[in-house]
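# Report on the structure
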Amino acid sequence: MLETARFLQPEVQAMANALTARAAERRISGPQAEGLNKGSLLSATAIVLLLALATLTVYLTGGTQSAAPHLYYIPIISAAFLIGPGGGIVTALAAGLLCGPWMPLDVASGAPQDLANWIIRGGAFLLVGIVAALFRRDIDGRIRKFREFALHNPVTGLPNRAALEDRLAPRLDKPPDDGRMLALVKVRITRFEEVVSTLGYEQGERLMRLLSDRLRETQSEDEPVHNINHGRFAVIAEIGTPEEAVKIARRMLDSVHRPILLDGIPVTVGAHAGIALHPAHGGTASELLRAVAQATEMAVERNADCVIFDPEAGEQYRQKLLLLSDIRAAPRTGQLLLYYQPQTRLADGQCVGAEALLRWCHPARGMIPPNQFIPLAEATGLISPLTLWVARTAIRQMRLWQDAGIDMSIAINLSARDLDSKTILREIEGLLHSHKIAPGKLTLEVTESAIMQSYHTAVPLLEHMAGIGCAIAIDDFGTGYSSLASLRKLPATILKLDGSFCIDLSADVRQRQIVRSAIGMAHELGLKVLAEGIETEESLVEMRSLGCDEGQGYLISRPVPEADFRAWLDANGKTPGQTAGGSRGAERS
């Protein structure tokens, strides 16, 4: 046994040195180096032990005349897959030497093996090593391509979110020295859908590739741009002050804002940037990504070029998301209420209808102002279930009023999202039919800007509702896209002047003239005019003198619950007190 060990010692030691050198060639540096290098050395050690075991088995079973030499294929193939293609070839050569001239054909008699036998066996070992190496190389290539695909955006070719996280996490573990910090800068492209809807998806993808090339030019190869989501790009930067991060963001925004020629058409898109700093805004990659996402959304909401993450604003953003989850449950859990604001004829003060306004009584937060939850519902697509709840409740209330002898029309608000499909208006039409309410008793209020957002679907839907008898009111006239010329193309019957027209009406001669002209032209188009925001006796008198038909506002009555509205009607127009607070600008359902 000692003789066997002495026989094996020089060959095994030489093999160990060769495999260790091969493993050393594959040593890497970086955050993952320690684990990978340790694995390579363990693999080399395992191969050496397998070679030693195979050699010992061949010797102890009587030499190369037995079937034991086939055991060498195990370390050869294993080396190719564990260490790499070179490892398989080196192991094959070592196996050929270990099972070569020094290994007898018959250990008992000491008969040596023929040179030809050794060469053939060594060639077989080498052939298997080469084949295994080729397999390993092919697998490596496929893995490399898969990793390239997994870590890059297929449209722009830029590193994606996974690549950003891989790059960001280790840098957070070893932050910069000398008071410097890491910043994560994110840019979000807006108005991209306008390009797609106008020029098609192919041009949209081309636009993204061109924008990616521009953004890539703003950064160095050491700090590449990452395409972390559709229309969203991010970079990691080592900075000394937050102002340096702002400069990086502005440089990226400037590159995006320049016009791009698509299909012979100069196209511009919008862009906003958010910035999160380490460690102030997060200690991990996920925390920084969450912070920069919130900062970017804040920039979009405020229409600002660049916003640095604010923890307090981040808490407000979190509360908004919590509110969003509660909105989903509000219609089916009895948290919603309808308040009614009277609409009167200015000539004689007679109440001719009411606007139904949505209110939310949250079980934990109490009454939530409409201007806090309605814009959020509109932005997230949750407004349609709320609109449908308002329509059901208002039409059911009209049925109750008619049964009680109160012949009163009700106006409800529609959002831009409600005009994107036929579903909501078909539901409303069905509700009118099932409750046996004349369509003329329902007014659908919609802003002109909402119509313009979905013009091709909105106008036919509103024309249909006007055709069955519903009144169509253009709300908030005087803001946004409002234009008297465009009213000729809309199926409107009522024009609602925005409340801003009632402010200082008697003192501002130009505004008074504008209101007079708007009322006159609306009458020429056959529209009835209703003034919102009448809060003073002076405004009421002025609107009446200018020929306005109807009005609503705090002077007449605040929005009130149904019972208080009935009491107001019984009092023949007497305001029912201050029972339903809220600002004039928030009165939207």
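Note that this is a predicted model, so its numbers are computed, not measured. (Residues numbered from 1 in each chain as written. Predicted model: local features only at pLDDT ≥ 70, side-chain atom pairs only at ≥ 80, totals over all residues. Heavy atoms only, no water.)

### What to know about the overall build of the protein
- Looking only at helices and strands, the protein features 19 helices and 17 strands.
- Relative to its full complement of 589 residues, the protein shows a buried share of 48%.
- Relative to all contacts within the protein whose residues are 6 or more apart in sequence, the contacts with residues 24 or more apart total 67%.
- With an accessible surface of roughly 28800 Å², the protein has 55% of that area assigned to carbon and sulfur atoms. (Helix = DSSP H or I, 4+ residues; strand = E, 2+ residues; numbered from the N terminus. Buried < 20%, exposed > 50% of the residue type's maximum accessible area, 1.4 Å probe, protein only. Contact = heavy atoms within 4.5 Å. Areas by Shrake-Rupley, 256 points an atom, 1.4 Å probe, with all protein chains shown as cover.)

### Structural notes on the pattern of salt bridges
- Taken as a whole, this structure holds 18 salt bridges when the rule is applied.
- Of the charged contacts, one joins Asp138 and Arg142 as a salt bridge, the two residues approaching to 2.9 Å between their closest N and O atoms. You can see Asp138 and its partner Arg142 sitting in helix α5 (residues 115-150), four residues apart, about one turn around the helix.
- A residue is classified by how much of its surface remains accessible, and Asp138, at 39% relative accessible area, is partly exposed.
- Accessibility expressed as a relative area gives 57% for Arg142, which makes it exposed.
- The network of salt bridges with common partners includes Arg171, Arg180, Glu223 and Glu238. (Salt bridge = Lys/Arg side-chain N within 4 Å of Asp/Glu carboxyl O.)

### Considerations on the sheet that holds strand β2 (residues 226-229)
- An order of β2-β3-β1-β6-β7 is seen for the five strands of this open sheet, with the pairing classed as mixed. The outermost strands of the open sheet, each flanked by one partner alone, are β2 and β7 (306-308). Between one strand axis and the next, the sheet turns by 25 degrees as a mean value, whatever way the strands run.
- Where helix α10 (residues 285-302) meets the sheet, its contacts fall on β1 (181-190), β3 (232-239), β6 (270-278) and β7, and the angle it forms with β6 comes to roughly 145 degrees. (Pairing = 2+ DSSP bridges. Axes fitted to C-alpha atoms, helices over the stretch in contact; angles between N-to-C directions.)

### Side note on the packing of aromatic side chains
- A complete count under the given rule lists seven aromatic pairs for this structure.
- Ring centres 5.4 Å apart and planes at 50 degrees place the aromatic pair Tyr72 and Phe125 in the tilted group. Placement of the pair is Tyr72 in the loop between α2 (33-60) and α3 (73-82) and Phe125 in helix α5, with a sequence separation of 53 residues.
- Relative to Trp568, the ring of Phe565 lies with its centre 6.3 Å away and its plane at 20 degrees, an arrangement referred to as stacked. Placement of both Phe565 and Trp568 in helix α19 (residues 562-570) is noted, with a separation of three residues, approximately one turn of the helix. Neither residue differs from the other here; Phe565 and Trp568 are each classed as buried.
- Three or more aromatic residues link up through ring pairs in this structure, and these residues are Tyr340, Trp401, Phe565 and Trp568.
- The ring of Tyr554 is capped by Arg558, whose NZ or CZ atom sits 4.2 Å from the centre of that ring. (Phe/Tyr/Trp six-rings, centres within 6.5 Å; stacked < 30°, edge-to-face > 60°. Lys NZ or Arg CZ within 6 Å of the ring centre and 35° of its normal.)

### What to know about the confidence of the model for the protein
- On average, residues of the protein score 84 in pLDDT, and 89% of them are at 70 or above.
- Per-residue pLDDT stays below 50 along residues 1-9; that stretch engages in 11 contacts with residues further than four places along the chain or on separate chains.
- Long-range and interchain partners of residues 22-36, a stretch whose pLDDT sits below 50, account for 18 contacts in this model, where long-range means more than four residues apart. (pLDDT = per-residue confidence, 0-100.)

### Here's the deal with the side chain of His272
- Among the structural elements, His272 can be located in strand β6.
- Among the polar contacts listed, one links the side chain of His272 to the backbone oxygen of Ala304, at a separation of 2.7 Å.
- When residues no more than four places from it in sequence are discounted, the contact partners of His272 are Lys186, Val187, Arg188, Thr190, Leu253, Thr296, Ala299, Val300, Asn303, Ala304 and Asp305. (Polar contact = N/O pair within 3.5 Å; in protein donor to acceptor, adjacent residues only side chain to side chain.)

### Concerning the pairing of strand β9 (residues 351-362)
- Of all 12 residues in β9, 10 are buried, a share of seventy percent or more.
- As paired elements, strand β8 (residues 336-345) and β9 share nine bridges and run antiparallel to each other. Paired with Tyr340 across the strands is Ala356, a residue of β9.
- The loop that links β8 with its antiparallel partner β9 comprises five residues; one of these, Gly349, has a positive phi angle of about 80 degrees.
- Note that β9 and strand β11 (residues 409-413) share three bridges and pair parallel. Note that in β11 the partner of Glu355 across the bridge is Ala411.
- Where β9 lies against strand β10 (residues 366-368), three bridges are found, and the strand directions are antiparallel. Directly across from Cys361, in β10, lies its bridge partner Met367.

### A short note on helix α9 (residues 242-257)
- Between its terminal C-alpha atoms α9 stretches 23 Å, which fits the 22 Å expected from 16 residues at 1.5 Å a residue.
- Here α9 has its buried residues at Ala245, Val246, Ile248, Ala249, Met252, Leu253, Ser255 and Val256.
- Turning to α9, the residues buried within the fold contact β1, α8 (201-217), β3, β6 and β7. (Expected span 1.5 Å × (residues − 1).)

### Some points on the pairing of strand β12 (residues 442-447)
- Burial within β12 is extensive, with six of its six residues counted as buried.
- Bridge count between β11 and β12: four bridges; the pairing is parallel. Across the sheet, residue Ile412 finds its bridge partner in β12, namely Leu444.
- With respect to chirality, the unit in which β11 leads through helix α14 (residues 423-434) into the neighbouring parallel β12 is right-handed.
- Both β12 and strand β13 (residues 471-477) contribute to a ladder of five bridges, which runs parallel. (Right-handed = clockwise from strand over helix to strand, strands pointing away.)

### Quick word on helix α12 (residues 370-380)
- Residues Pro370, Phe373, Ile374, Leu376 and Ala377 constitute the buried set of α12. For α12, the angular spread of the buried residues around the axis is 165 degrees, confining them to a single face.
- Positive backbone phi, at 85 degrees, marks Gly381, one or two positions downstream of α12. (Arc of directions from axis to C-beta.)

### Quick look at the packing of helix α11 (residues 311-329) against α12
- For the pair α11 and α12, the least separation of the axes is 10 Å and the interaxial angle reads 80 degrees. In terms of orientation, α11 and α12 fall into the roughly perpendicular class. Mapping the contact onto sequence places Lys320, Leu323, Leu324 and Ile327 in α11 and Gln372, Phe373, Leu376, Ala377 and Thr380 in α12.
- Its residues assigned to classes, the contact of α11 with α12 shows six nonpolar, two polar and one charged. (Parallel < 35°, antiparallel > 145°, perpendicular 65-115°, else oblique. Nonpolar A, V, L, I, M, F, W, Y, C, P; charged D, E, K, R; others polar.)

### Observations regarding a nonpolar patch on the surface
- Together, Ile77, Phe81, Leu127, Val131, Phe135, Ile139 and Ile143 give the surface a local cluster of nonpolar side chains, amounting to about 630 Å² of exposed area.
- If you list the elements that add at least two residues to the nonpolar patch, you get α3 and α5.
- Among the elements that make up the nonpolar patch, the one with the highest residue count is α5 (five residues).
- In this structure, Phe135 sits in helix α5. (Patch = residues over 30% accessible without salt bridge, like charges linked within 9 Å, V, L, I, M, F, W, Y side chains within 5 Å.)

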